[in-house]
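The lines below spell out each chain.
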Amino acid sequence: MKILFLVYHGFSEHSGISKKIHYQVKGLRENGYDVRLCYYDFAADGHRCRFVDGSVIHDYGTGKWAGLRQRFDYGCIFDYCVREGIEFVYARCFQNANPWLIRFFSKLRNAGIHAVTEIPTYPYDQEFKSFEWKMRMELKVDQLFRRRLYRQMDAVVTFSDAREIFGQRTINISNGVDFDSIKLIENDNANDNLKTQNLKQLHLIGVAEVHPWHAFDRVLSGMGEYHGPVHVVFHIVGGVHPNQMDRYFTPLLGKYHLHDRVIFHGQLFGEQLDSVFNQCQFAIGSLGRHRSGITVIKTLKNREYATRGIPFIYSEQDSDFDSQPYVLKAPADESPVDIQKIIDFMEHFTMKPAEIRHTVEHLTWKIQMRRVVDAIAG
């Protein structure tokens, strides 16, 4: 089968979203499909272009008009699909429903080309409350046209348990993992200091481009309210917007005098990221999905933590992990994280990293992406 994986933006080597997309394409190819990756980005000469696997299929030029054209000119993608015999288009939602995109997917359907769109987070409207005015206006346009858009497709791919989204049936999958890219932590003995009468240190790690729905501030509040003998350190890896720092972190750092116990590493990759993971015994997932109106979601971060082989905590509902022995569940509210509960949990925790990793072998992108194709082709 010939598949076009359609993305409405470019890529960054430091972006988790970019890496996920490339892992999904890899997963499809591991199933034997002929997959082409279509995306929009700037060429070396500054021109705005539509690419397929690095080759330009349309040059929009430069300037504001070129920027507008790429938002409503999808003819080059349709022509490519017809010319190359594409049988299935897998698109990734960019909250960009509009009349021109509706026309594009309608033409695909009339040409007998199957199509789905993946909505990474659903529902997503409340996430835009903290975004700038321009993005909130773009959401308004998306709200006007999205039901009509999804009627032109075979299904919506979701990591939630929703059976219907915007009037269209869903294909429910889990976020996947790429075992080749995630190293197992190397700290089998890291918990020894928690298994003695003289408890010493607990190192926590949270990896994210920090948004309000990660609610890492709940960890800081919990650390501030914990007065036991264990020295608790929280490593935050990823970007923190200045607005998020001012609103969620700075006040708590000062209130509880946590400046020497909360380490903001910024973005780390490769061996540097591995090194921080190897210092830590316990990971922090999302603790505030309720802030954006989400109850059920299968986040990528939970799966990456399990693939690393580290136990973790989160507050949403995730059927892949809710009953796993290496998981703690936090209440989906604004209460501080109970640090003593984490310490008690780790005092009796015996699973090895490889044992945790083994439990997610069925969550590879190869298996998850095959489920999508089977649902369409079957």
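Small disclaimer: the values here were computed from a predicted structure and weren't measured.

A. Structural detail: the nonpolar core. Ranked by internal contacts, the top residues of the largest apolar core, which has 55 residues, are Leu204, Phe234 and Phe282. When sequence neighbours within four positions are dropped, the list of residues in contact with Leu204 reads Val219, Val232, Val233, Phe234, His235, Cys280, Phe282, Ile284, Ile339 and Ile342. Phe78, Ile102, Leu108 and Leu149 belong to the second largest nonpolar core, which has 40 residues in total.

B. Highlighting the sheet that holds strand β14 (residues 312-314). On the basis of which strands lie adjacent, the open sheet formed by six strands has the order β12-β11-β10-β13-β14-β15 and parallel pairing. At either end of the open sheet lies a strand with only one pairing partner, and these are β12 (262-266) and β15 (327-329). Sheet twist, expressed as the average angle between the axes of neighbouring strands with direction ignored, equals 25°. Examined bridge by bridge, β14 and β15 share three bridges and lie parallel to one another. What sits directly across from Tyr314, in β15, is Lys329.

C. Up close: the pairing of strand β3 (residues 48-52). The buried fraction of β3 is high, at four of five residues. In terms of strand pairing, strand β2 (residues 34-42) meets β3 through five bridges, oriented antiparallel. Residue pairing for β3: Cys38 is matched across the bridge by Val52. Counted between consecutive antiparallel strands, the loop separating β2 from β3 contains five residues, among which Gly46 sits at a positive phi close to 90°. Note that β3 and strand β4 (residues 55-61) share five bridges and pair antiparallel. Bridge assignment links Arg48 to a residue of β4, and that residue is Gly61. Between the antiparallel neighbours β3 and β4 lie two residues, among them Asp53 with a positive phi of about 50°.

D. Here's a closer look at the packing of aromatic side chains. Evaluation of the coordinates by the stated rule reveals 23 aromatic pairs. Aromatic side chains Tyr40 and Tyr60 sit 6.5 Å apart centroid to centroid with 65° between the ring planes, which places their arrangement in the edge-to-face category. Of this pair, Tyr40 sits in strand β2 while Tyr60 sits in strand β4; the two residues are 20 residues apart in sequence, bridging distant segments of the chain. You can call Tyr40 buried: its relative accessible area is 8%. Summarising the aromatic geometry, the rings of Phe282 and Phe345 are spaced 6.1 Å apart at their centres and angled 75° between planes, so their arrangement reads as edge-to-face. Of this pair, Phe282 sits in strand β13 (residues 282-284) while Phe345 sits in helix α10 (residues 339-347), and the two are 63 residues apart along the sequence.

E. Up close: the environment of Gly167. When you line up the elements, Gly167 lands in the loop between β8 (164-165) and β9 (168-172). According to the relative accessible area criterion, Gly167 is partly exposed, its value standing at 41%. For the pair Gly167 and Ala115, spaced 52 residues apart in the sequence, the C-alpha separation amounts to 15 Å.

F. Region of the structure containing the side chain of Arg261. Here Arg261 is to be found in the loop between α7 (242-256) and β12. Buried charge Arg261 goes without a salt bridge, the closest partner of opposite sign being Asp260 at 4.5 Å. Beyond its immediate chain neighbours, meaning those up to four positions away, Arg261 contacts Met223, His231, Val232, Val233 and Phe234.

G. Examining the packing of helix α6 (residues 217-225) against α7 more closely. Running from N to C, α6 and α7 point in directions that differ by 5°, and their axes come no closer than 10 Å. Considering the angle they form, α6 stands roughly parallel to α7. For the pair formed by α6 and α7, the contact residues are Asp217, Leu220, Ser221, Gly224 and Glu225 on the first element and Tyr248, Phe249, Leu252, Leu253 and Tyr256 on the second. Residue classes in the contact of α6 with α7 are distributed as six nonpolar, two polar and two charged.

H. Local environment of the sheet that holds strand β6 (residues 114-119). Overall, mixed pairing links the nine strands, which are arranged β4-β3-β2-β1-β5-β6-β7-β9-β8 in an open sheet. Either end of the sheet is taken by a strand with one partner, and the two such strands are β4 and β8. When β8 meets β9, the two strands line up antiparallel, connected through two bridges. Paired with Ile165 across the bridge in β9 is Gln168. Each of β1 (2-6), β5 (88-92), β6, β7 (155-158) and β9 is contacted by helix α12 (residues 365-377), which is oriented at about 140° to β9, the strand it contacts most.

I. The arrangement of unusual backbone geometry in detail. With an omega of -5°, the peptide bond running from Tyr122 to Pro123 counts as cis. Examined against the element boundaries, Pro123 turns out to sit in the loop between β6 and α5 (133-150). Residue Asp53 is not a glycine yet carries a positive backbone phi of 50°. When you line up the elements, Asp53 lands in the loop between β3 and β4.

Cut-offs used in this document
- Residues numbered from 1 in each chain as written.
- Predicted model: local features only at pLDDT ≥ 70, side-chain atom pairs only at ≥ 80, totals over all residues.
- Heavy atoms only, no water.
- Core = buried A, V, L, I, M, F, W, Y, C linked by side-chain atoms within 4.5 Å.
- Buried < 20%, exposed > 50% of the residue type's maximum accessible area, 1.4 Å probe, protein only.
- Contact = heavy atoms within 4.5 Å.
- Pairing = 2+ DSSP bridges.
- Helix = DSSP H or I, 4+ residues; strand = E, 2+ residues; numbered from the N terminus.
- Axes fitted to C-alpha atoms, helices over the stretch in contact; angles between N-to-C directions.
- Phe/Tyr/Trp six-rings, centres within 6.5 Å; stacked < 30°, edge-to-face > 60°.
- Lys, Arg positive; Asp, Glu negative; His and termini not counted.
- Salt bridge = Lys/Arg side-chain N within 4 Å of Asp/Glu carboxyl O.
- Parallel < 35°, antiparallel > 145°, perpendicular 65-115°, else oblique.
- Nonpolar A, V, L, I, M, F, W, Y, C, P; charged D, E, K, R; others polar.

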